[in-house]
Amino acid sequence: MTSRDEILNLFRTNSDHYISGQKISHLLKISRAAVWKQVKALRELGFEIEAKHSLGYRLLAAPDLLLASDIESGLNCRLIGQTVVALTETDSTNAQARQLAEDGAIEGTVVVADRQSAGRGRLGRRWESPSGVNLYCSILLRPQIPVQQAPQLTFLSAVAVAETLEKVCHLSAKVKWPNDILVNGAKISGLLNEMNAETEQIHFVILGVGVNLNMLEEQFPESLNYPATSVLLETGKSVDRLMFLQTFLRCLEQYYAEFLEEGFTPIRQRWEGYCDTINRQVRVDQGSGSLYGTVVGLEPEGALRLQLDDGRIERILAGDVRPVTKKMDRE
Ligand code: BT5
């Protein structure tokens, strides 16, 4: 923990009274000048800190910032979030997490950012990542599972996001194969899981999670290839990003432990419970063209089971799924 984090912790735990600069300097074994420097830095981040002559400091209000110390404190996870890296701005939390993983970071390391300048989706697509409103987060896992099973972790994170949207925001979330979470038919969250492996062995998997929390209408670009939304747009209320993130990480830890112990089946069943395209007609866009059929469910390893119009079952490994609502969608 940095001395800024420690001062902030002291302010938070003493927010009902003043705490003197002298006491802080004594408790943290830093000079009075260093205390003052950190108070100044916190104010610049948007913390409202009252200073009263002869009494000391008191925290009046905190901005909606994701700070490592806040994320770690009260998280109560055994694996996920033992190390948290919180950045004001980065290119992509997945890229940062990958770098940390290559440098030997421990399993469960979490990287979050307030803003991404090069947030990414699948196939080199862009993920819109405006500052201070959403969740951009990557979690490093080192599962001892066969390489072919790694894609199953995408469904695990989808279930954890859907459940968190329900618990924290009281929204009815749906999942769409392979990596989307929808609310009222619009994309509220996207997942990008990346792996580093050899033929037989996974070195690490990065679970990348983007959730549109407090994003405003005007912050969405005009053209997206699927309708999009945010919690704020759906509920009219803003979400506490810290609470959302902590609930999500706890949920993820619980399902990851279950996955390692019991395998994919419970996760697959939960995912299918959140999927409202099962038994529905869809179009699957692939690089080479489109397929039409009815979604049957997930294959044991996570491929989409699609029943084509002629009755054949196709295993879909990659593509973008769209519900077919009217006859015209087929033309
Ligand atoms: C995804 O890709 O949905 C994966 C998104 C993963 C983002 C997270 S944020 C933290 C971590 N770090 C990263 O750099 N990435 C991960 P895909 O299915 O390919 O969807 C991308 C498409 O979604 C784009 O082409 C847009 O049409 C649309 N899109 C872009 N930004 C969006 C947003 N904020 N909300 C909804 N749709 C968006």
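Small disclaimer: the values here were computed from a predicted structure and weren't measured.

Chemist: Any details on the site of the ligand? Residues and values, ideally.
Modeler: With respect to spatial proximity, 28 residues lie near the ligand, and among them Ser-92, Arg-120, Arg-125, Lys-187 and Asn-212 are the closest. One of the side-chain nitrogen or oxygen atoms of Gln-116 is found 3.0 Å away from a nitrogen atom of the ligand. Between the ligand and Lys-187, the relevant distance is 2.7 Å, taken from an oxygen atom to a side-chain nitrogen or oxygen of the residue. A molecule is said to occupy a pocket when more than half its atoms come within 2 Å of that pocket's grid points, and by this definition the ligand occupies the largest pocket. Where the shell around the ligand is concerned, the elements lending two or more residues are α5 (93-102), β5 (135-141), β8 (186-197) and β9 (202-211).

Chemist: Hey, could you go over the pattern of salt bridges for me, with residue numbers and the actual values?
Modeler: Summed over all chains, the structure comprises 23 salt bridges. Note that Glu-299 is salt-bridged to Arg-315, the shortest N-O span being 3.8 Å. Taken together, the residues span a long stretch of sequence, with Glu-299 in the loop between β11 (289-298) and β12 (304-308) and Arg-315 in strand β13 (residues 313-316) at a distance of 16 residues. Shared partners join several salt bridges into a network, and the residues in it are Glu-299, Glu-301, Arg-305 and Arg-315.

Chemist: Give me the lowdown on the layout of surface pockets, citing residues and values where you can.
Modeler: In this structure, the largest pocket encloses a volume near 660 Å³. Lining the largest pocket are 36 residues, and of these Gly-121, Arg-125, Arg-126, Trp-127 and Lys-187 sit closest to its centre. Counting residues per element, the lining of the largest pocket draws most heavily on β8, which supplies 4 residues. The residue makeup of the lining of the largest pocket, split by class, is 13 nonpolar, 12 polar and 11 charged.

Chemist: Residue-level account of the environment of Val-205, with values.
Modeler: Locating Val-205 in the fold gives a position in strand β9. Residues Val-205 and Pro-143, spaced 62 residues apart in sequence, show a C-alpha to C-alpha distance of 7.7 Å. Setting aside chain neighbours within four positions, we find Val-205 in contact with Ile-139, Leu-140, Leu-141, Pro-143, Ala-150, Leu-153, Glu-194 and Met-195.

Chemist: Tell me about the sheet that holds β13, and name the residues and values.
Modeler: Spatial strand order, β13-β12-β11-β10-β14: 5 strands in an open sheet with antiparallel pairing. Of all strands in the sheet, those with a lone pairing partner are β13 and β14 (320-323), marking the two edges. Taken over all neighbouring pairs, the strand axes of this sheet differ in orientation by 45° on average, direction set aside. The pairing of strand β10 (residues 281-286) with β11 spans 6 bridges and is classified as antiparallel.

Chemist: Give a description of the side chain of Ser-69 that names residues and reports values.
Modeler: Position of Ser-69 relative to the elements: it lies in helix α4 (residues 68-72). Exposure remark for Ser-69: the relative accessible area of 1% places this residue in the buried category. Within the local environment of Ser-69, its side chain forms a polar contact with the side chain of Asp-5, the two groups lying 3.4 Å apart.

Chemist: Any chance you could break down the sheet that holds β8 for me, citing the residues and the numbers?
Modeler: Across the sheet, 7 strands lie side by side as β3-β4-β5-β9-β8-β7-β6; this open sheet has mixed pairing. Of all the strands in the sheet, the pair left with one neighbour each is β3 (84-90) and β6 (173-176). Strand-to-strand twist across the sheet, computed as the mean angle between neighbouring axes with direction ignored, equals 20°. Where strand β4 (residues 110-116) and β5 come together, 4 bridges link them in antiparallel fashion. Bridging from a neighbouring strand, Val-110 pairs with Ile-139 of β5.

How each quantity is defined
- Residues numbered from 1 in each chain as written.
- Predicted model: local features only at pLDDT ≥ 70, side-chain atom pairs only at ≥ 80, totals over all residues.
- Heavy atoms only, no water.
- Near = heavy atom within 4 Å.
- Polar contact = N/O pair within 3.5 Å; in protein donor to acceptor, adjacent residues only side chain to side chain.
- 1 Å grid on protein atoms, 1.4 Å probe; cavity = no way out; pocket = protein on both sides within 12 Å on 5 of 7 lines; lining within 4 Å.
- Sits in = over half its atoms within 2 Å of the grid points.
- Helix = DSSP H or I, 4+ residues; strand = E, 2+ residues; numbered from the N terminus.
- Salt bridge = Lys/Arg side-chain N within 4 Å of Asp/Glu carboxyl O.
- Points joined across faces, edges and corners; volume = space filled by probe spheres on them.
- Nonpolar A, V, L, I, M, F, W, Y, C, P; charged D, E, K, R; others polar.
- Contact = heavy atoms within 4.5 Å.
- Pairing = 2+ DSSP bridges.
- Axes fitted to C-alpha atoms, helices over the stretch in contact; angles between N-to-C directions.
- Buried < 20%, exposed > 50% of the residue type's maximum accessible area, 1.4 Å probe, protein only.

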